[in-house]
Amino acid sequence: MSTQTTSPTTPRRVSTRIGSIAESATLAVDAKAKALKAQGRPVIGFGAGEPDFPTPEAIVEAAVEAARQPANHRYTPAGGLPDLKQAIVAKTLRDSGYQVGADQVLVTNGGKQAVYQTFATLLDPGDEVLLPAPYWTTYPECVRLAGGVPVEVFAGPDQGYLVTVDQLEAARTERTKVLLFCSPSNPTGAVYPPEQVRAVGEWALEHGIWVVTDEIYEHLVYDDARFVSMPVEVPELADTCVVLNGVAKTYAMTGWRVGWMIGPKDVVKAATNLQSHATSNVANVSQRAAVTALTGDLSAVHAMREAFDRRRRTMVSMLNEIDGVECPTPTGAFYAYPSVEGVLGRSIRGRVPTTSAELAGIILDEVEVAVVPGEAFGPSGFLRLSYALGDDDLVEGVGRIQRLLAE
Ligand code: PMP
């Protein structure tokens with residue numbers, strides 16, 4: 001086993017900056033569940049942040065065809081194929097009404113690289129980023145890597161997991177540079193109503209605060225929730241706004257690794273320079289597949305949405321049947337985010353969890369169901385369950401939790 005040393009004469013084996021990064025808790029839970037499954041255990045995993053559907057056939061066909069063309073065995077421009085940038089411009093106008101130019105687009109290795117590069121490009125050391133909590137686990141790590149300071153603004157289930165302008169204003173300081181905004185939200189599934197998106201955007205504009213808005217779940221909304229894009233609601237914000245998106249959730253393409261960032265030209269140019277030294281272009285064949293996805297219709301996501309909607313209702317009602325669990329009805333993405341405060345402190349097969357992380361550990365050990373604890377997304381006291389899995393597995397998995405907590 002290697003040990004870190006703080007002696008001034010011996011360099012650290014791993015840098016302080018990288019050594020302080022926490023493992024992605026969501027990927028860790030998913031990996032643990034998959035490993036147990038591979039050993040033949042009947043594990044049911046609610047950890048996954050990805051659709052359980054295959055990529056639509058026409059997209060796969062386009063990729064197979066592209067792989068046969070030697071031209072696609074080569075690098076593309078670091079910032080992405082011109083055709084793909086154009087498709088992103090057209091798709092953005094079609095889906096959210098946001099009008100941008102191709103020189104405002106950078107194609108990235110999944111939305112995740114877009115998050116990383118956006119913060120690396122915008123932040124100087126000490127710059128503060130307002131982070132509505134519960135937040136996606138990757139945001140604060142990317143902020144810290146860039147030398148920034150994540151400032152959590154917690155909105156609980158009592159307020160539908162939606163931060164208010166008053167809360168943001170209370171957290172604002174003269175070092176506040178950026179607000180991270182994610183709607184529909186991972187992990188809570190909350191969707192901001194248009195008037196609240198506008199109010200937040202107007203507040204940011206008034207105070208000269210940049211908005212990084214993550215729109216990756218734009219097509220996964222339910223009931224009467226409606227997705228709106230902040231720079232469309234507040235057009236004057238365009239010069240201080242970065243939109244993050246990708247094909248992963250809409251076209252069941254998580255493994256293809258295609259995302260993008262859209263922003264003011266100078267920011268996109270700087271981020272492209274960074275990417276040109278870090279990873280160059282996204283896999284050429286994946287980019288070709290993404291062109292086909294984005295220039296096609298949205299029938300695949302509509303079909304997925306129907307399945308997710310059905311599973312959402314089942315999951316939420318089953319969770320709410322558990323004494324001590326309270327699950328607001330999410331109206332977006334594919335996650336339920338129940339409070340488990342009422343379960344903590346209770347004895348479960350002789351063990352007494354005091355945190356949601358301990359509870360998640362007990363659930364995995366005792367009934368072989370993998371859930372992600374709230375600690376991955378902010379405060380303890382919550383679990384995140386993805387409903388992007390088969391209906392039967394979903395009922396069996398939540399049923400196991402129900403039975404365990406009823407003992
Ligand atoms: N943003 C959010 C909120 C997400 O949940 C994810 C995926 N978990 C991403 C961005 C990035 O997705 P990808 O890198 O697969 O495109």
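(A) Quick peek at the packing of aromatic side chains. Counted by the stated rule, this structure contains 14 aromatic pairs. Relative to Y335, the ring of Y217 lies with its centre 5.8 Å away and its plane at 80°, an arrangement referred to as edge-to-face. With Y217 in the loop between β6 (210-214) and α9 (230-233) and Y335 in strand β9 (residues 335-336), this pair connects stretches of sequence that are 118 residues apart. Each member of the pair, Y217 together with Y335, is buried. Look at F334 and Y335: their rings are 5.0 Å apart centre to centre, the planes differ by 55°, and that puts the pair in the tilted class.

(B) Just the site of the ligand, in detail. Lining the immediate surroundings of the ligand are 13 residues, of which G111, N186, D214, K249 and R257 lie closest. In this structure, G111 approaches the ligand through a main-chain N or O atom, which is 2.6 Å from an oxygen atom. In isolation the ligand exposes 400 Å². Once the protein is present, 91% of that is buried. Considered class by class, the residues forming the shell around the ligand number 6 nonpolar, 3 polar and 4 charged.

(C) Inspection of the pairing of strand β8 (residues 259-262) at higher detail. Side chains G259 and M261 project from β8 onto one buried face, and the interleaved W260 and I262 project onto a second face that is buried too. As defined by bridge partners, strand β2 (residues 105-108) adjoins β8 across 4 bridges and the pair is classed as antiparallel. Bridge pairing links V105 to I262 in β8. When strand β7 (residues 241-246) meets β8, the two strands line up antiparallel, connected through 4 bridges.

(D) Unusual backbone geometry, seen in detail. Of the consecutive residues A133 and P134, the connecting peptide bond is found in the cis state with omega at 0°. Summarising the element assignment, P134 is placed in the loop between β3 (128-133) and α6 (138-145). With an omega dihedral of -5°, the bond running from S183 to P184 counts as a cis peptide bond. Here P184 shows up in the loop between β5 (176-182) and α8 (194-206). Residues other than glycine seldom take positive phi values, yet R257 does so here, at roughly 60°. Structurally, the position occupied by R257 is in the loop between β7 and β8.

(E) Expanded view of the domain arrangement of the protein chain. The domains assigned to the protein chain are domain 1 (16-54 + 300-406) and domain 2 (74-295). Centre-to-centre separation of domain 1 and domain 2, based on C-alpha positions: 25 Å. Each partner contributes to the interface: domain 1 provides 39 residues, whereas domain 2 provides 32 residues. Note on domain 1 versus domain 2: buried area summed over both sides is about 2800 Å², and carbon and sulfur give 60% of it. Counting the contacts that link domain 1 with domain 2 gives 2 salt bridges. A salt bridge links D223 to R312; its shortest N-O distance comes to 2.9 Å. Summed over the shared surface of domain 1 and domain 2, the result is 15 residue pairs in polar contact (both at pLDDT 80 or more).

(F) Fine view of the pattern of salt bridges. As enumerated under the stated definition, the model contains 24 salt bridges in all. Between K34 and E50 there is a salt bridge, with the nearest N and O atoms lying 4.0 Å from each other. On the criterion of sequence distance, the pair formed by K34 in helix α2 (residues 25-38) and E50 in the loop between β1 (44-45) and α3 (57-67) is long-range, its members being 16 residues apart. For E50, a relative accessible area of 30% translates into the label partly exposed. As a salt-bridge pair, E368 and R41 come within 2.7 Å of each other at their nearest N and O atoms. Highlighted residues: E368 in the loop between α13 (356-367) and β10 (369-370) and R41 in the loop between α2 and β1, separated in sequence by 327 residues. Taking relative accessible area as the criterion, E368 reaches 16% and is therefore assigned buried. Here the salt bridges share partners, and the residues they tie into one network are R349, R351, D365, E366 and E407.

(G) Quick peek at the sheet that holds strand β12 (residues 383-386). Read from one edge of the open sheet, 3 strands run β9-β12-β11, paired in antiparallel fashion. Of all the strands in the sheet, the pair left with one neighbour each is β9 and β11 (372-373). Here 2 bridges tie β11 to β12, and the two strands are oriented antiparallel to one another. Paired with P373 across the strands is L383, a residue of β12.

(H) Structural detail: the sheet that holds β7. The strand order β2-β8-β7-β6-β5-β3-β4 describes an open sheet built from 7 strands, whose pairing is mixed. If you trace the sheet from one side to the other, it starts and ends with β2 and β4 (149-154), each paired once. Ignoring which end each strand starts from, the neighbouring axes of this sheet average 20° apart. Strand contacts of α8: β3, β5 and β6, with the helix running at about 165° to β5, the strand carrying the most contacts.

(I) Local environment of α2. Given a rise of 1.5 Å per residue, 14 residues ought to cover 20 Å, and the 20 Å separating the end C-alpha atoms of α2 matches this to within 8%. Here α2 has its buried residues at T26, V29, D30 and A33. When α2 is viewed along its axis, its buried side chains cluster within an angular range of 95° and face the same direction. Of the exposed residues in α2, the ones pointing more than 90 degrees away from its buried face are L27 and A38. Looking at the buried positions of α2, the neighbouring elements they touch are β10, β11 and β12. Where α2 terminates, the next one or two residues include G40, which has phi positive at roughly 95°.

Reading the values: rules and limits
- Residues numbered from 1 in each chain as written.
- Predicted model: local features only at pLDDT ≥ 70, side-chain atom pairs only at ≥ 80, totals over all residues.
- Heavy atoms only, no water.
- Phe/Tyr/Trp six-rings, centres within 6.5 Å; stacked < 30°, edge-to-face > 60°.
- Helix = DSSP H or I, 4+ residues; strand = E, 2+ residues; numbered from the N terminus.
- Buried < 20%, exposed > 50% of the residue type's maximum accessible area, 1.4 Å probe, protein only.
- Near = heavy atom within 4 Å.
- Polar contact = N/O pair within 3.5 Å; in protein donor to acceptor, adjacent residues only side chain to side chain.
- Areas by Shrake-Rupley, 256 points an atom, 1.4 Å probe, with all protein chains shown as cover.
- Nonpolar A, V, L, I, M, F, W, Y, C, P; charged D, E, K, R; others polar.
- Pairing = 2+ DSSP bridges.
- Domains from an automatic or database assignment.
- Contact = heavy atoms within 4.5 Å.
- Buried area = accessible area lost by both parts, 1.4 Å probe.
- Salt bridge = Lys/Arg side-chain N within 4 Å of Asp/Glu carboxyl O.
- Axes fitted to C-alpha atoms, helices over the stretch in contact; angles between N-to-C directions.
- Expected span 1.5 Å × (residues − 1).
- Arc of directions from axis to C-beta.

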